[in-house]
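Below, each chain spelled out in residue letters.
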Amino acid sequence: MTRPAPANDMAPSAESVAALHALVMQSLDDDQAQETISIPLEGKSSIADHMVIASGRSSRQVAAMAQHLAEKIKKETGRSARVEGLPVADWVLIDAGDVIVHLFRPEVRSFYNLERMWGFVDAPIAGNA
């Protein structure tokens, strides 16, 4: 039986990370996500290279965006993204490895204010810059 390779040996290429990030951003745009921002984490945190935060107008839209995104990630990369918070869909977390996505209803997003926590208070909104 062979041992799994250490995480460092399985590090994705910059191209694959960029492609995954582009896939996430395109999927959210296709699903009409609101106030989408992307926070670069490379060199700042070991959890991921990008954190994407977006809002949906309702719990139903947040859930639909999360499901569509998880399906697209599986189809395009062959990897299953971990999804948390889908039953209530006030705040859904999609962990795609190198890209972490937080989808919120607007009221919940303003309450938790992740942008401020990560120091992106005045971050430009993707597509509005």
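Notes on the structure follow. (Residues numbered from 1 in each chain as written. Predicted model: local features only at pLDDT ≥ 70, side-chain atom pairs only at ≥ 80, totals over all residues. Heavy atoms only, no water.)

Here's the deal with the packing of helix α1 (residues 14–30) against helix α2 (residues 59–77)
1) Next: In contact at an axis separation of 10 Å, α1 and α2 are set at 145° when each is read in the N-to-C sense. For the element pair α1 and α2, the recorded crossing hand is right-handed. Judged by residue contacts, L20, L23, V24, S27 and D30 of α1 engage H68, L69, K72, I73, E76 and T77 from α2.
2) Next: Looking at side-chain class alone, the contact of α1 with α2 contains five nonpolar, three polar and three charged residues. (Axes fitted to C-alpha atoms, helices over the stretch in contact; angles between N-to-C directions. Helix = DSSP H or I, 4+ residues; strand = E, 2+ residues; numbered from the N terminus. Left-handed = near helix turned anticlockwise from the far one by under 90°. Contact = heavy atoms within 4.5 Å. Nonpolar A, V, L, I, M, F, W, Y, C, P; charged D, E, K, R; others polar.)

Notes on the pattern of salt bridges
1) Next: Summed over the entire model, instances satisfying the criterion amount to six salt bridges.
2) Next: With its nearest N and O atoms 3.7 Å apart, the salt bridge here joins K72 to D30. Here the residue K72 occupies a position in helix α2, and D30 occupies one in helix α1, the gap between them amounting to 42 residues.
3) Next: The partner of D95 in a salt bridge is R82, and the shortest N-O contact between them spans 2.9 Å. Of this pair, D95 sits in strand β4 (residues 91–95) while R82 sits in strand β3 (residues 82–84), and the two are 13 residues apart along the sequence.
4) Next: Bridged by salt links that share partners, the residues D90, R105 and E107 form one connected network. (Salt bridge = Lys/Arg side-chain N within 4 Å of Asp/Glu carboxyl O.)

Notes on α1
1) Next: Look at α1: 24 Å from first C-alpha to last across 17 residues, which is about the 24 Å you get at 1.5 Å a residue.
2) Next: Residues of α1 that are buried: V17, L20, H21, L23, V24, M25, S27 and L28. (Expected span 1.5 Å × (residues − 1). Buried < 20%, exposed > 50% of the residue type's maximum accessible area, 1.4 Å probe, protein only.)

Topic: the packing of aromatic side chains
The geometry of two aromatic rings is summed up by the distance between their centres and the angle between their planes.
1) Next: Applying the stated criterion to the full structure yields three aromatic pairs.
2) Next: A centroid spacing of 4.8 Å and a plane angle of 35° characterise the contact between W91 and F104, whose relative ring orientation is tilted. Taken together, the residues span a long stretch of sequence, with W91 in strand β4 and F104 in strand β5 (residues 99–104) at a distance of 13 residues.
3) Next: Given a relative accessible area of 1%, F104 falls into the buried group.
4) Next: Relative to Y112, the ring of F111 lies with its centre 5.0 Å away and its plane at 90°, an arrangement referred to as edge-to-face.
5) Next: The rings of W91, F104, F111 and Y112 are connected pair by pair, giving a single aromatic cluster. (Phe/Tyr/Trp six-rings, centres within 6.5 Å; stacked < 30°, edge-to-face > 60°.)

Looking at the pairing of β5
1) Next: Counted residue by residue, β5 has six buried out of six residues, so it is predominantly covered.
2) Next: Burial along β5 is two-sided: the residues V99, V101 and L103 and I100, H102 and F104 are all buried.
3) Next: Two elements, β4 and β5, share five bridges in a ladder whose sense is antiparallel. Each bridged residue has a counterpart across the sheet, and for D95 the counterpart in β5 is I100.
4) Next: Linking two consecutive strands that pair antiparallel, namely β4 and β5, is a turn of three residues; a positive phi of about 90° is found at G97 within it. (Pairing = 2+ DSSP bridges.)

The quantities given are spatial measurements derived from coordinates; they are silent on function.
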